[in-house]
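# Coordinate inspection notes
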Amino acid sequence: MYMSVDGSGSKDGSSLENSKSYSESEDALQKAWNALTPGSTLFLAAGEYPAHACLLKSNGKDEKETRKLSGSVKDGKSPVFVGSWGKNDKDKGFTLFKIAAGSTRWAIENIVIRSCRTGVELESPGQAHHGRIENMSMSGMSEVIILNGGAAVLTPEEGSHDIL
């Protein structure tokens, strides 16, 4: 599935030329992610996106069922999510990409994030595994990546693991 800031063509998401519109609603990215099936990728076109929180849930059983949020790099430009968080906003703001507790086989790649309180965070109690965060650039933030484990002392295998 394809998405761009304003969408294009038929806006059905079937190609970059017919990309879904991110600006259509504040939850457009959430709806697009929720529509993915295991093994699918949501490609984001290069451009500047106003930041809105998104909860990424995934339940893949093996590598070929990994759900991906992937920025499409064009002419050296990536999708850039821009929030309004500032260094004096201690307890304000939000996490841009929250990974749902217990999620398996997920990936976020080729994306730039600026001025959000947190870029990527595992929802507590964590217990997520086989995730990948790759080729990301984040700046002007309180926390960049927060990985919550969720394991007990006697059962460390139940916590988050295999996250690259």
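Values in this document were obtained by computation on a predicted structure and should not be read as measured data.

### Describing a nonpolar patch on the surface
Together, Val144, Ile145 and Leu147 make up an exposed nonpolar region whose accessible area comes to about 240 Å². Here Val144 lies in strand β12 (residues 143-146). Of the residues examined, Val144 reaches a relative accessible area of 37% and is grouped as partly exposed.

### Quick notes on unusual backbone geometry
Residue Pro125 follows Ser124 across a cis peptide bond; omega there is 15 degrees. Although it is not a glycine, Arg105 sits at a positive phi angle of roughly 55 degrees. Counting through the fold element by element, Arg105 comes out in strand β9 (residues 104-114). Its identity is not glycine, yet Gln127 carries a phi of approximately 55 degrees, on the positive side. Relative to the elements of secondary structure, Gln127 occurs in the loop between β10 (118-122) and β11 (129-139).

### Focus on the nonpolar core
Judged by nonpolar contacts, the single largest core of 31 residues is most densely connected at Leu29, Leu69, Phe81 and Phe97. Of all elements in the fold, only α1 (28-35), β3 (41-44), β5 (54-56), β8 (95-99), β9, β10 and β11 reach the threshold of two or more residues within this core. With near-sequence residues (within four places) excluded, Phe81 lies in contact with Tyr22, Leu29, Leu44, Tyr49, Pro50, Ala51, Leu96, Phe97, Ile111, Val112, Ile113 and Arg114.

### Considerations on the sheet that holds β12
One open sheet accounts for four strands, arranged β5-β8-β10-β12; its pairing is parallel. Strands with a single pairing partner mark the edges of an open sheet, and in this sheet they are β5 and β12. Each adjacent strand pair in this sheet contributes to an overall mean axis angle of 15 degrees, direction not counted. Packing of α1 onto the sheet brings it into contact with β5 and β8, and relative to β5 it is tilted by some 15 degrees.

Calculation criteria
Residues numbered from 1 in each chain as written. Predicted model: local features only at pLDDT ≥ 70, side-chain atom pairs only at ≥ 80, totals over all residues. Heavy atoms only, no water. Patch = residues over 30% accessible without salt bridge, like charges linked within 9 Å, V, L, I, M, F, W, Y side chains within 5 Å. Areas by Shrake-Rupley, 256 points an atom, 1.4 Å probe, with all protein chains shown as cover. Salt bridge = Lys/Arg side-chain N within 4 Å of Asp/Glu carboxyl O. Helix = DSSP H or I, 4+ residues; strand = E, 2+ residues; numbered from the N terminus. Buried < 20%, exposed > 50% of the residue type's maximum accessible area, 1.4 Å probe, protein only. Core = buried A, V, L, I, M, F, W, Y, C linked by side-chain atoms within 4.5 Å. Contact = heavy atoms within 4.5 Å. Pairing = 2+ DSSP bridges. Axes fitted to C-alpha atoms, helices over the stretch in contact; angles between N-to-C directions.

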